[in-house]
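Here's the letter readout for the chains.
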Amino acid sequence: MKKLILASNNAKKLKELKAILSDMDVEILSQREAGCNFEVEETGTTFAENAYLKAKAVFDATGEATVADDSGLMVDALNGEPGVYSARYAPGGHDASDKEKYMYLLSKLEGVTDRRAKFVSSICCLLPGVAGETEHIQVPDGTEIRTEGECRGQILTEPHGEGGFGYDPVFMPDGYSDSMAVLGSEVKNKISHRAHALEKFRTELRRINGTDK
């Protein structure tokens, strides 16, 4: 596999994916760069369902290896909210800024002492068929790789830092003393939910490709 399409046009997600998979010899493109000028309706009730919907749409349109991530924040005291609605969890929905979303979350947690939460990432990758030679593993068309990762922590009472994106300024990972936004991309790309899910994905991809020696 020499090309991998991310079923997203999120520039920050694309940058993060490239950084985490930087040691793999693969060109990573956004779906727009691959000619997919459409948005996939995320009608799933779980992160895994939404990841599949996004990956399948771009895979069907391009025939190229496609990876999709659906991720979000789950807060214990809010019964798992915002969950699959993390990207639109504020008045204004998808049009709300990151700040509006995390400030809305903080308003929902005002006076709440149990602030345990976790970020969750679900990865779905669809691979095109590989006819293969005797020394290569043959891959059926539409072969799926599915992995998940988590990062547990606490919701702060006020935002800290300007780095990262989404809810990073109000999320403090377990074992650290400040927000994900303050910790920066180098730390985040090692401990985040997406990093854990992608590490499992990379291991599985190498197994399928027969390069996991």
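Small disclaimer: the values here were computed from a predicted structure and weren't measured.

A word on unusual backbone geometry
In step 1: Cis geometry is found at the peptide bond from Glu81 to Pro82, where omega equals 0 degrees.
In step 2: Of note, Pro82 is situated in the loop between strand S3 (66-75) and helix H3 (98-108).

Quick look at H3
In step 1: Here H3 has its buried residues at Lys101, Tyr102, Leu105 and Leu106. Taken down its axis, H3 places every buried residue within 135 degrees of arc, on the same side.
In step 2: Taken together, the buried residues of H3 touch S3 and strand S5 (143-155).

Looking at the pattern of salt bridges
In step 1: Overall, the coordinates contain 17 salt bridges when judged by the stated rule.
In step 2: A salt bridge links Lys13 to Asp69, with the nearest nitrogen and oxygen atoms 2.9 Å apart. With Lys13 in helix H1 (residues 11-20) and Asp69 in strand S3, the pair connects residues that are 56 residues apart, well separated along the chain.
In step 3: Classification of Lys13 as buried rests on a relative accessible area of 14%.
In step 4: Measuring nitrogen to oxygen at the nearest pair gives 2.7 Å for the salt bridge that ties Asp23 to Arg202. With Asp23 in the loop between H1 and strand S2 (27-30) and Arg202 in helix H6 (residues 193-209), this pair connects stretches of sequence that are 179 residues apart.
In step 5: A relative accessible area of 48% places Asp23 in the partly exposed class.
In step 6: Overlapping salt bridges, with partners in common, bring together Lys13, Glu16, Asp69, Asp168, Lys188 and Arg194 in one network.

A closer look at the sheet that holds strand S6 (residues 171-173)
In step 1: Pairing in this open sheet of 6 strands is mixed, and the strands run S2-S1-S3-S4-S5-S6 from one edge to the other. Bordering the open sheet on either side are S2 and S6, each of which pairs with just one other strand. Pairs of neighbouring strands in the sheet enclose a mean axial angle of 35 degrees, with direction left out of account.
In step 2: Looking at chain direction, strand S1 (residues 3-6) and S3 are connected through 2 bridges and run parallel. Looking at the pairing, Leu6 lines up with Val67 of S3.
In step 3: Lying on the sheet, H1 is in contact with S1, S2 and S3; it crosses S2 at an angle near 170 degrees.

Cut-offs used in this document
Residues numbered from 1 in each chain as written. Predicted model: local features only at pLDDT ≥ 70, side-chain atom pairs only at ≥ 80, totals over all residues. Heavy atoms only, no water. Helix = DSSP H or I, 4+ residues; strand = E, 2+ residues; numbered from the N terminus. Buried < 20%, exposed > 50% of the residue type's maximum accessible area, 1.4 Å probe, protein only. Arc of directions from axis to C-beta. Contact = heavy atoms within 4.5 Å. Salt bridge = Lys/Arg side-chain N within 4 Å of Asp/Glu carboxyl O. Pairing = 2+ DSSP bridges. Axes fitted to C-alpha atoms, helices over the stretch in contact; angles between N-to-C directions.

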